[in-house]
Amino acid sequence: MIAVLRQFCVLGKYSGKMPFKLTEGAISALLNGHEPKDPILQCLGTKSIAGSGVPRMRLVLSDGVHSFATSMLATQLNDFVTDGRLQQNTVFKLKQYQSSVLQGSKRIVICLDIEILQTPDEAGGKIGEPVPLSVAQNAAGANGGLPNPSKPGNENVNPSGPNRIPPAAMYSPKPTGKMPFGKEQVPTTPGGTQTRVMPIGSLTPYQNKWSVKARVSQKGTMREWKNPRGEGKLFSFTVLDDSGDIRITCFKEEADKFYDMIEVGKVFYISNATLKPANAQYNNTTHDYEMTLRRDSTVTLCDKDDGKMVPKIQYKFVNISNLEQNISGLVDVIGVVKSVEDLNSVMIKSQNREAKVRKFNLVDQSGSEVTVTLWGLDAEKFDGKEHPVVAMKGAKVSDFNTCSLSAMGSTTISMNPDIPEAYQLKQWYESGGSTQATQSLTISSGSGGGTSAANWKTLADIKNENLGMKDKPDYITAKVTVLYCKKENVLYKACPNDQCNKKVIDLEQGKYRCEKCDLQTDEFKYRLILNMHVADEYESTWVTCFQEQGEILLKMSAQELGELQQTDENAFDNVLKRVDFQSYFMKLRVKMDRFNDEDRTRVTVVNVSPISNVDYIKKLQADIQKLQVE
DNA sequence: CCCCCCCC
């Protein structure tokens with residue numbers, strides 16, 4: 001371990017000066033279906049290929065002996081070209097790639113992960129006199145991967161000659177690279193159709209006859225949609241093989257047809273589907289495309305699946321410290337569970353149903369911490385007490401409380417996964433990580449902050465911008481002054497059960513009944529509902545404020561206030577008067593609802609905090625800056 | 001053709 005570290009340091013220290021030796025023979029090996037590890041190559045040129053969607057970058061690669069012109073950069077690496085890090089004569093390490101054969105002869109190498117080692121200047125220009133190769137060589141390796149001089153019709157190929165394309169006769173229709181699930185080769189799909197089984201990673205919309213053999217790694221629920229363009233139902237799932245994963249969606253009839261059949265863990269042959277560019281915002285598979293099943297698509301269970309070849313889920317982990325750069329996107333994260341909350345229930349107002357919810361805090365070696373929210377079954381079955389390593393594929397980054405994570409239906413959660421990152425984290429955690437101070441990205445409103453991601457609005461904006469008219473509520477932050485806090489019906493008697501806040505029925509003689517819990521009791525707890533008239537410089541409105549925020553405003557617990565109401569009406573009144581004409585930052589939930597057949601906009605206080613001059617000045621400065629730009 | 005993921 002120490003030796004490895006030392007070596008690493010030496011490389012790091014001298015990396016700018018040491019000449020990097022290109023991995024001679026790597027190109028030939030690639031063309032012959034081998035997959036050399038971490039070859040060091042030189043880029044001889046880049047070319048942007050315009051397409052319908054994101055541009056694709058084509059690269060010419062060299063190992064100093066051979067060059068190779070059909071290589072592409074995975075689109076997520078396009079920045080390397082656009083910002084100039086990767087250009088003609090740049091030397092780099094090809095850390096991850098996908099090599100596959102198209103139309104039976106042409107090999108294409110997709111560069112998935114690269115590390116820049118030298119700029120063109122540091123490399124001193126083009127290294128060696130590489131000869132172009134485009135197809136596999138006979139007896140490659142026997143002569144160091146050079147074109148075989150004994151092959152008839154090949155006598156004139158000069159290894160150091162000008163740019164010559166080897167004649168097509170040199171192509172050897174030998175092994176064509178990695179098939180899905182290792183060496184097990186399945187040349188045709190069941191039913192006798194002559195369809196090639198292709199590696200998932202090599203699929204593009206430009207091939208018309210293909211089939212994949214893939215294991216289902218994730219399945220979403222059936223979902224209905226309705227929008228101005230139409231309505232219907234759909235479900236999505238993810239499949240993978242050794243070469244990568246891809247998201248598949250079925251709509252309407254296809255959704256019904258395939259829904260029961262698709263099960264996580266099972267292996268299927270899939271063919272005749274449409275490929276279209278994947279939208280990275282909603283899709284974080286490794287694939288550039290995603291699949292839609294059609295009427296003529298076939299999905300056939302592979303009954304010869306022995307269960308041995310289980311391709312690993314492919315992750316693109318983001319350090320917790322970098323999550324804020326991915327707000328509202330999907331990410332893969334891995335970390336150790338530092339703490340976990342109990343299972344909770346929340347009411348989803350828009351759907352009028354209850355959902356199970358659980359939060360936990362995840363830490364990693366970046367020294368950062370983030371709060372993760374799990375829903376439904378994920379929340380119920382989650383066991384985080386023993387500080388497991390948790391890997392999540394496709395978690396949603398939210399700006400709630402500045403930055404937090406939420407598991408979605410399509411998020412795959414793996415406990416203590418069998419991957420190197422997990423062992424490394426476990427070791428780090430056990431050898432000091434557990435006691436290391438961590439910086440949480442999730443700044444809960446209770447602990448002072450929480451306004452940095454605030455959606456600042458004025459009360460006039462509620463009407464002007466039609467806030468609260470959508471399916472989901474709008475959350476805004478406003479600086480408001482309380483004009484009046486209503487004294488009537490401020491308190492109610494609620495079920496004493498921890499999880500229940502329902503109003504109890506007074507049965508007289510000190511007996512109470514909770515309909516929800518089916519409980520008769522002689523106890524109750526006080527709960528607060530404050531109705532307040534608030535105003536800013538533009539507008540005034542009535543807002544409702546429940547228990548926790550009410551206690552903050554009144555600086556008194558609901559229980560104390562309830563007792564005060566019984567013993568000293570005057571003092572009770574004075575407590576409520578405390579808030580009149582006071583100013584606060586309020587986070588407000590704005591949502592239209594229907595009450596007695598009348599639409600009205602309900603405004604609820606979800607968070608209240610004292611005016612922070614620092615935050616307010618920041619907000620004003622941002623406003624001024626906006627004015628200057630416009 | 002979806003792209004919602006809830007609570008605060």
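Rules used throughout
Throughout this description, residue numbers start from 1 for each chain and increase along the sequence as written. Think of it this way: whatever chain is written first is A, whatever ligand is written first is 1, and the rest follow in order. Reporting of local features is limited, given that this is a predicted model, to residues whose pLDDT is at least 70; pairs of side-chain atoms are given and counted only at 80 or more, and all residues count toward the totals for whole chains, interfaces and linings. Processing note: side-chain calculations cover all non-hydrogen atoms of the structure and skip hydrogens and water entirely. Think of it this way: any DSSP run of H or I at least four residues long counts as a helix, any run of E at least two long counts as a strand, and we number them from the N terminus. Whether two residues touch is decided by their heavy atoms; if any such pair falls within 4.5 Å, the residues are in contact. Surface exposure here means Shrake-Rupley accessible area, sampled with a 1.4 Å probe, where a residue is shielded only by the protein chains that are shown. A single heavy atom is enough: if one lies within 4 Å of a molecule or strand, its residue is considered near that molecule or strand. Any pair of nitrogen or oxygen atoms within 3.5 Å is treated as a polar contact; in protein, a donor-acceptor pairing is required on top of that, and neighbouring residues in sequence qualify only through side-chain atoms on both sides. Residues are grouped as follows: Ala, Val, Leu, Ile, Met, Phe, Trp, Tyr, Cys and Pro are nonpolar; Asp, Glu, Lys and Arg are charged; all remaining types, including Gly, are polar. By definition, two strands form a pair when at least two bridges between them are found by DSSP. Using a 1.4 Å probe on the protein chains alone, a residue whose accessible area is under 20% of its type maximum counts as buried, one over 50% counts as exposed, and one in between counts as partly exposed. Taken from the helix axis, the directions to the C-beta atoms give the arc we talk about. Here an axis means a line fitted to C-alpha atoms, over the contact stretch when the element is a helix, while the angle between two N-to-C directions is reported on a 0 to 180 degree scale. Throughout this description, any angle smaller than 35 degrees is read as roughly parallel, any larger than 145 degrees as roughly antiparallel, any in the 65 to 115 degree range as roughly perpendicular, and the remainder as oblique. Between the rings of Phe, Tyr and Trp (Trp by its six-membered ring), a pair exists once the centres lie within 6.5 Å; its type follows the angle of the planes, with under 30 degrees stacked, over 60 edge-to-face, and the other angles tilted. Two limits define a charge over a ring: the Lys NZ or Arg CZ must be within 6 Å of the ring centre, and within 35 degrees of the ring normal. For the purposes of this section, nonpolar cores are sets of buried Ala, Val, Leu, Ile, Met, Phe, Trp, Tyr and Cys residues that join through side-chain atoms within 4.5 Å. The salt bridge definition used is simple: a Lys or Arg side-chain nitrogen within 4 Å of an Asp or Glu carboxyl oxygen. A patch consists of residues whose relative accessible area exceeds 30% and which take part in no salt bridge; residues with like charges are grouped when within 9 Å of each other, and nonpolar side chains (Val, Leu, Ile, Met, Phe, Trp, Tyr) when within 5 Å. What pLDDT reports is the predictor's confidence in each residue, on a scale of 0 through 100.

Scanning chain A for helices and strands turns up 12 helices and 29 strands. Across chain A, every contact between residues at least 6 apart in sequence was considered, and the portion connecting residues at least 24 apart equals 60%. Of the accessible surface of chain A, which amounts to about 34,200 Å², a share of 50% is contributed by carbon and sulfur atoms.

Neighbouring residues of DNA strand B: 29 residues in total, closest Lys276, Lys349, Phe400, Lys472 and Tyr475. Expressed as a percentage, the sugar and phosphate content of the atoms of DNA strand B within 4 Å of the protein is 38%. One of the side-chain nitrogen or oxygen atoms of Arg229 is found 3.1 Å away from a phosphate oxygen of DNA strand B. Between DNA strand B and Arg353, the relevant distance is 3.0 Å, taken from a base oxygen to a side-chain nitrogen or oxygen of the residue. Of all the secondary-structure elements, those providing two or more residues to the surface near DNA strand B are strand E8 (223–227), strand E10 (244–251), strand E14 (344–348), strand E15 (353–363) and strand E16 (368–375). For the surface near DNA strand B, the class distribution of residues is 12 nonpolar, six polar and 11 charged.

Pairing in this open sheet of three strands is antiparallel, and the strands run E23-E24-E25 from one edge to the other. Looking along the sheet, the strands with just one partner apiece sit at the ends: strand E23 (505–506) and strand E25 (519–521). Here E23 pairs with strand E24 (residues 512–514) via two bridges, running antiparallel. Its bridge partner being in E24, Ile505 is matched across the sheet by Arg513.

Before going further, it helps to spend a moment on helix H9 (residues 547–554). Taken together, the buried positions of H9 are occupied by Gln547, Gln549, Gly550, Leu553 and Leu554. Around the axis of H9, the buried residues are gathered within 165° of arc, so they sit on the same side. Residues of H9 that are buried in the fold lie against strand E26 (525–535), strand E27 (540–546), helix H10 (558–567), helix H11 (569–577), strand E28 (583–595) and strand E29 (598–609).

Turning our eyes to something else, we now look at the packing of H10 against H11. Their axes nearest at 6 Å, the elements H10 and H11 cross at an angle of 140°. By the angle between their axes, H10 is oblique relative to H11. When H10 is examined against H11, the residues Leu561, Leu564, Gln565 and Thr567 are found in contact with a partner set consisting of Glu569, Ala571, Phe572 and Val575. In terms of residue class, the contact of H10 with H11 is built from five nonpolar, two polar and one charged.

Let's shift gears to the packing of aromatic side chains. Using the criterion set out here, one finds 11 aromatic pairs in the structure. Here Trp225 and Phe251 contribute two aromatic rings whose centre-to-centre distance is 5.7 Å and whose plane-to-plane angle is 80°, an arrangement assigned as edge-to-face. Of this pair, Trp225 sits in strand E8 while Phe251 sits in strand E10; the two residues are 26 residues apart in sequence, bridging distant segments of the chain. Just above the ring of Phe80 sits the side chain of Arg85; from NZ or CZ to the centre is 3.9 Å. Of note, Lys493 hangs over the ring of Phe524, and the distance from its end group to the ring centre comes to 5.1 Å.

For the rest of this paragraph, the subject is the nonpolar core. Core analysis: the biggest nonpolar cluster contains 34 residues, and Leu530, Met532, Leu561 and Met586 have the highest contact counts within it. Counting 24 residues, the second largest nonpolar core, distinct from the first, contains Ile248, Ile270, Tyr289 and Val299.

Let's shift gears to the pairing of E16. Along any regular strand the residues' side chains alternate between the sheet's two faces. For E16, the buried fraction is high: seven of the eight residues fall into the buried class. Alignment of E15 against E16, held across seven bridges, turns out to be antiparallel. Considered in E16, the bridge of Leu362 is made with Val370. Where E15 folds back on E16, the antiparallel hairpin that results is connected by four residues, among which Gly367 adopts a positive phi of roughly 80°. As paired elements, E16 and strand E20 (residues 439–440) share two bridges and run parallel to each other. Along E20, the bridge assignment pairs Glu369 with Ser440. Relative to strand E18 (residues 404–406), E16 runs parallel, the two sharing two bridges. Each bridged residue has a counterpart across the sheet, and for Val372 the counterpart in E18 is Leu405.

Applying the stated criterion across every chain yields a total of 18 salt bridges. Measuring nitrogen to oxygen at the nearest pair gives 3.2 Å for the salt bridge that ties Lys470 to Asp474. Relative accessible area serves as the criterion here: at 14%, Asp474 is assigned to the buried category. A salt bridge links Lys619 to Asp623, with the shortest nitrogen-to-oxygen separation between them at 2.6 Å.

What follows is about the side chain of Thr373. Mapping Thr373 onto the fold places it in strand E16. A residue is classified by how much of its surface remains accessible, and Thr373, at 11% relative accessible area, is buried. Filtering out sequence-adjacent residues up to four positions away, Thr373 remains in contact with Val357, Arg358, Lys359, Leu405, Ser406 and Ala407.

As a further point, take the side chain of Thr249. Looking at the secondary structure, you find Thr249 in strand E10. Of the polar contacts made by the side chain of Thr249, one reaches the side chain of Ser236; its length is 3.0 Å. With residues up to four places along the chain from it excluded, the contact list for Thr249 reads Leu234, Phe235, Ser236, Met291, Thr292 and Leu293.

For E10, the tally of buried residues reaches six of eight residues, placing the bulk of the element in the interior. The antiparallel pairing of strand E9 (residues 230–241) with E10 creates a hairpin that spans two residues between the two strands. Pairing between E10 and strand E12 (residues 289–301): two bridges, direction parallel. Looking at the pairing, Ile248 lines up with Met291 of E12.

Glancing now at a nonpolar patch on the surface. Nonpolar side chains collect at one region of the surface, where Leu483, Tyr484, Trp542 and Phe581 lie side by side and expose about 420 Å² of accessible area between them. Among the secondary structure elements, Tyr484 is positioned in strand E21 (residues 474–485).

The next thing to look at is the environment of Met586. As for its position among the elements, Met586 is in strand E28. Residue classification places Met586 among the buried positions, given a relative accessible area of 1%. Taking the C-alpha atoms as reference points, Met586 and Ile611, separated by 25 residues in sequence, lie 9.2 Å from one another. Excluding anything up to four places from it in sequence, Met586 contacts Ile476, Thr477, Ala478, Val480, Val482, Met532, Val534, Val605, Asn607 and Val608.

Looking at chain A as a whole, its pLDDT mean stands at 83, while 84% of the residues score no less than 70. Taken as a whole, residues 1–16 scores under 50 in pLDDT and shows four contacts with residues more than four places along the chain or in a different chain.

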